[in-house]
Amino acid sequence: MKNLNRAGQTMDSVVGMRGFPSWMNRILNSILLLAAVVNVRAADQVIPVLMTTTATYSNVTVTTKSKDYIFIHHAGGMGNIRVDDLSDDAKRVLGYSAPPRKYKKVILPVVLARDVLPQVEERLKPIQDSVREQLPPELRDFQPTRPFFVALAAAGVAMHLFFSLLCRLIVLKAKKVPGGLVWIPGLQWIPLLRAAEMSGWWFLLLWFPIVPLVWAFKVVKARGLSILISILLILPVTGIFAFLYLAFAREKPAAPVRPKYESMSLETA
């Protein structure tokens, strides 16, 4: 519109110029008006489809762009649209700076639950079906209930307490102080290692097979038992019974220490 106004002022000045014939003034005015219209049309921007947060417009011609809004002609009429309501792609096309894209954080448990677990369940389903067919009919239709889970949890707690009691007996009979670690799952190995005259830091190397082997021989020696118990403690089947024996076996009475030099009386002499 500013270009048209300038063109009109220019035409007025041309018309007002003296010394030109009227037909020449009309030609000059037509040329200037055509140039102004072409300039205005060149500033318009045509977009086939314009998307906003609330609607979608087709055959859009943007005639006015400002900082906060745009004025458009479209297939359904005309109107103003706020720049904030434009989509990111529309803002880029119209020359507005679109906000940076926000990438969602990828949380590993969510990805596993959404993508990996369904695939694993799908592959395990044939195996589950084949195992279920081999079960007896009464177990095939078994559905665990709340009392079942309560009993299972109670059995787990009882087994943990019993194992902790065995560890405590072994440590006490090895003349060591068990402490509170003997009741904590996993950390029970620390007092057990100390009972075998080993440092508690060996706990960090329990995954190395040689450490449990050394512990089996040293703890049996600290208890004063036969080396056969160490061998039984290492074996998978007999290990449970050897551990029980290690906890409940009585200590061997210490052999009396005879003095190196015995005093001789006058009568024996």
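In short, a report on the structure. (Residues numbered from 1 in each chain as written. Predicted model: local features only at pLDDT ≥ 70, side-chain atom pairs only at ≥ 80, totals over all residues. Heavy atoms only, no water.)

**Brief notes about the nonpolar core**
If you look at soluble globular proteins, the nonpolar side chains tend to sit buried side by side. Rules: Residues belong to one nonpolar core when they are buried, are Ala, Val, Leu, Ile, Met, Phe, Trp, Tyr or Cys, and are joined through side-chain atoms within 4.5 Å. Accessible area is worked out with a 1.4 Å probe on protein chains only. A residue is then buried under 20% of its type maximum, exposed over 50%, and partly exposed in between. Where helices and strands are cited, they refer to DSSP runs of H or I of at least four residues and of E of at least two residues respectively, numbered from the N terminus. Note on definitions: a residue-residue contact is assigned when non-hydrogen atoms from the two residues lie within 4.5 Å.
Among the nonpolar cores identified, the biggest contains 26 residues, and Ile 170, Trp 215, Val 219, Leu 233, Phe 243 and Leu 246 are the most heavily contacted of them. At the level of secondary structure, the elements contributing two or more residues to this core comprise helix H6 (146-173), helix H7 (189-195), helix H8 (210-223), helix H9 (227-234) and helix H10 (239-248). Leave out the neighbours within four places in its chain, and Val 219 touches Ile 170, Ala 196, Leu 233 and Leu 246.

**Some points on the sheet that holds strand S3 (residues 69-74)**
Basically, it comes down to this: Strands were regarded as paired on the criterion that DSSP finds at least two bridges between them. In this analysis, axes come from line fits to C-alpha atoms, helices being fitted only over the stretch in contact, and the angle between any two N-to-C directions falls in the range 0 to 180 degrees.
On the basis of which strands lie adjacent, the open sheet formed by four strands has the order S1-S2-S3-S4 and antiparallel pairing. Looking along the sheet, the strands with just one partner apiece sit at the ends: strand S1 (45-51) and strand S4 (77-82). Across this sheet, the average inter-strand angle for adjacent strands is 40°, counted without regard to direction.

**Let's talk about H8**
Put simply, the test is: The span you would expect from a helix comes to 1.5 Å times its residue count less one. The arc in question is traced by the directions running from the helix axis to the C-beta atoms.
Taking 1.5 Å per residue, 14 residues should reach 20 Å; H8 reaches 20 Å between its end C-alpha atoms and fits that length. Those residues of H8 that sit buried are Val 211, Trp 215, Ala 216, Val 219, Val 220 and Arg 223. Down the axis, H8 shows its buried residues gathered within 155° of arc, on one side only. Where H8 is buried, its residues touch H6, H7, H9 and H10. Backbone geometry just after H8 places Gly 224 at a positive phi near 75°.

By themselves, these observations are geometric and do not establish any function.
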